[in-house]
Amino acid sequence: MILFLDFDGVLHPDPCYDAGQLFVHAPQLATTLEPFTQVRVVLSTSWRSSKELALLLEPLPESLRQRVVGVTPNVSSFSPPPKLRPYRRQAECCHWLELNGGIDQDWLAIDDRPSWFVPHCEQLIVCHSQRGFNDEAAGRLHAALTTATLRAMRERDTRV
């Protein structure tokens, strides 16, 4: 399972005028992911355009850092399929999937900009830009990961 992670509006409010609030929700995300050891994180934040991966990882809790396997490419560096052109963040996520094992991989995204994804995108966990990754978002992510885990277990059992 791949989890595409935005920073602004997810791990802290957007805009964030208080440096002490930066990454305030990162520990809750790390805690929510604890039971789901199969989840790998790809950073889809706009911060990736101005910072190298090592700097992006610094403010994250260690358990979250260990899950990060890369960053999405910027939509200006490839030609997205016509149906995804209006939905830049989803196009970036899908392109990363294509480059790293195939578009059929299970994935979720946590973001505060639903307009950057196709309408009613089932893989999207939307956060309110000022509240970020709160208890409600944590509950939705936990439920989505539990459902995906159970589905994968059923599929594995039917193949055996």
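Bear in mind that the values here come from a model prediction, so they are computed numbers and not experimental data.

Basis of the calculations
Residues numbered from 1 in each chain as written. Predicted model: local features only at pLDDT ≥ 70, side-chain atom pairs only at ≥ 80, totals over all residues. Heavy atoms only, no water. Helix = DSSP H or I, 4+ residues; strand = E, 2+ residues; numbered from the N terminus. Buried < 20%, exposed > 50% of the residue type's maximum accessible area, 1.4 Å probe, protein only. Phe/Tyr/Trp six-rings, centres within 6.5 Å; stacked < 30°, edge-to-face > 60°. Axes fitted to C-alpha atoms, helices over the stretch in contact; angles between N-to-C directions. Parallel < 35°, antiparallel > 145°, perpendicular 65-115°, else oblique. Left-handed = near helix turned anticlockwise from the far one by under 90°. Contact = heavy atoms within 4.5 Å. Nonpolar A, V, L, I, M, F, W, Y, C, P; charged D, E, K, R; others polar.

**Q** Would you take a moment to explain the environment of E34 for this structure?
**A** Tracing the sequence through the fold places E34 in the loop between α1 (26-33) and β2 (40-43). For E34, a relative accessible area of 53% puts it in the exposed group. On a C-alpha basis, the gap between E34 and F133 in space is 15 Å, while along the polypeptide they are 99 residues apart.

**Q** What am I meant to see in the packing of aromatic side chains here?
**A** What characterises a pair of aromatic rings is the spacing of the ring centres plus the angle enclosed by the ring planes. According to the stated counting rule, one finds five aromatic pairs in the structure shown. Seen in terms of ring centroids, F7 and W47 are 5.4 Å apart; in terms of plane orientation they differ by 75°. Their pairing is edge-to-face. Of this pair, F7 sits in the loop between β1 (2-5) and α1 while W47 sits in the loop between β2 and α2 (53-57), placing them 40 residues apart in sequence. Looking at F7, the relative accessible area reads 0%, which means it is buried. Of the residues examined, W47 reaches a relative accessible area of 19% and is grouped as buried. Between the aromatic rings of F23 and W47, the centroid separation amounts to 5.3 Å while the plane-to-plane angle is 85°, which identifies the pairing as edge-to-face.

**Q** How should the packing of α1 against helix α5 (residues 135-159) be read in this particular structure?
**A** Packed helices, taken two at a time, are described by the angle their axes make and the gap between the axes. The N-to-C vectors of α1 and α5 enclose an angle of 25°; their axes lie 10 Å apart at closest approach. Judged by the angle between their axes, α1 and α5 are roughly parallel. Seen from above, α1 lies across α5 with right-handed handedness. Packed against α1, whose contacting residues are Q28, L29, T32 and L33, the element α5 presents D135, A138, L141, H142 and L145 at the interface. A class-by-class count of the residues in the contact of α1 with α5 yields five nonpolar, three polar and one charged.

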